[in-house]
Amino acid sequence: MFGYFFDSTYILMVLIPGLLMSGIASLMVKSAFSMYSRVPTQRGISGAQAAQLLLQNAGIYDVQIEQAQGFLSDHYNPATRTLALSENVYSSTSVAAVGVACHEAGHAIQHADNYGPLWLRSSLVPVVGFGSHASEILLMLGFVLHAKPLLLAGVIAFATIVLFQLVTLPVEFDASARAKRLCLEYGIVTNQEYTGVSRVLNAAALTYVAAFISSLLTLLYYLIKLGLLSNNRSED
């Protein structure tokens, strides 16, 4: 089993690029958020107030905004119609906090607008939840038992994760685009502060890109080991 995961192909094709991309993306997010978390908005609106303003202007009054624990643990739950903002975002009046809060409000607006990719991502949640657990078991058994049918089933299950991350990209990009446009349109930030909002949200978007590319490389690695992308047959 370890011969498959830690051969030279895996190290050069998956492990090193994945660590580099995720590390760079994480560093960029933390750097941008740290920089603009020290820059207050002229209007002095908190993250929670900014999100509420976007929702009200969109005619959305049934989404609850609450404070969540953890650093940048902000998220919108379409099932419960709850917008959770982390401690560093909820009450902060910084440019970074307002940008993140408006991004999450953008997801709520997507939900209200029946935005297709968001609906598709939500429908994939139970599928990818099953696929993530099934892929681990099937791949482990396949490698241990040298059973190609189990490996193929594991790869198919893993592919649901890649599909979910692919669908996530337009959802996140669109939420950021809405946040940038609306926070400026509603006067939450100035033109100068808009630059900071864009940098924070652009850096955050890179984390989703890095995650997708890393998973895609892993999927390609599995396909190569199975001999589906080359003339070489996988080990029996």
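Refer to the preceding data block for the structure.
Throughout what follows, the structure given in this document is the object of discussion.

## Some remarks on the overall build of the protein
So, point 1. Within the protein one finds 8 helices and 3 strands.
So, point 2. Each helix (α) and strand (β) of the protein, taken in turn from the N terminus, gives the series α-α-α-β-β-β-α-α-α-α-α.
So, point 3. Taking all 236 residues of the protein together, 45% fall into the buried category.
So, point 4. Across the protein, the fraction of contacts at a sequence separation of at least 24, relative to all contacts at a separation of at least 6, is 71%.

## Regarding the side chain of D74
So, point 1. With respect to the helices and strands, the residue D74 is situated in the loop between strand 1 (64-68) and strand 2 (75-77).
So, point 2. Despite its burial, D74 pairs with no opposite charge; the closest candidate is R121, at 13 Å N-O.
So, point 3. One polar contact links the side chain of D74 to the main-chain amide nitrogen of S86, over a distance of 2.7 Å.
So, point 4. When sequence neighbours within four positions are dropped, the list of residues in contact with D74 reads A84, L85, S86, V89, V100 and E104.

## Quick notes on helix 3 (residues 47-57)
So, point 1. For helix 3, every residue scored as buried is listed here: G47, A48, A50, A51, L54 and L55. Projection of helix 3 onto a plane perpendicular to its axis shows the buried side chains occupying an angular sector of 165 degrees, all on one side.
So, point 2. Where helix 3 is buried, its residues touch strand 1, strand 3 (82-86), helix 4 (87-90), helix 5 (95-112) and helix 7 (148-185).

What counts, and where the lines are drawn
- Residues numbered from 1 in each chain as written.
- Predicted model: local features only at pLDDT ≥ 70, side-chain atom pairs only at ≥ 80, totals over all residues.
- Heavy atoms only, no water.
- Helix = DSSP H or I, 4+ residues; strand = E, 2+ residues; numbered from the N terminus.
- Buried < 20%, exposed > 50% of the residue type's maximum accessible area, 1.4 Å probe, protein only.
- Contact = heavy atoms within 4.5 Å.
- Lys, Arg positive; Asp, Glu negative; His and termini not counted.
- Salt bridge = Lys/Arg side-chain N within 4 Å of Asp/Glu carboxyl O.
- Polar contact = N/O pair within 3.5 Å; in protein donor to acceptor, adjacent residues only side chain to side chain.
- Arc of directions from axis to C-beta.

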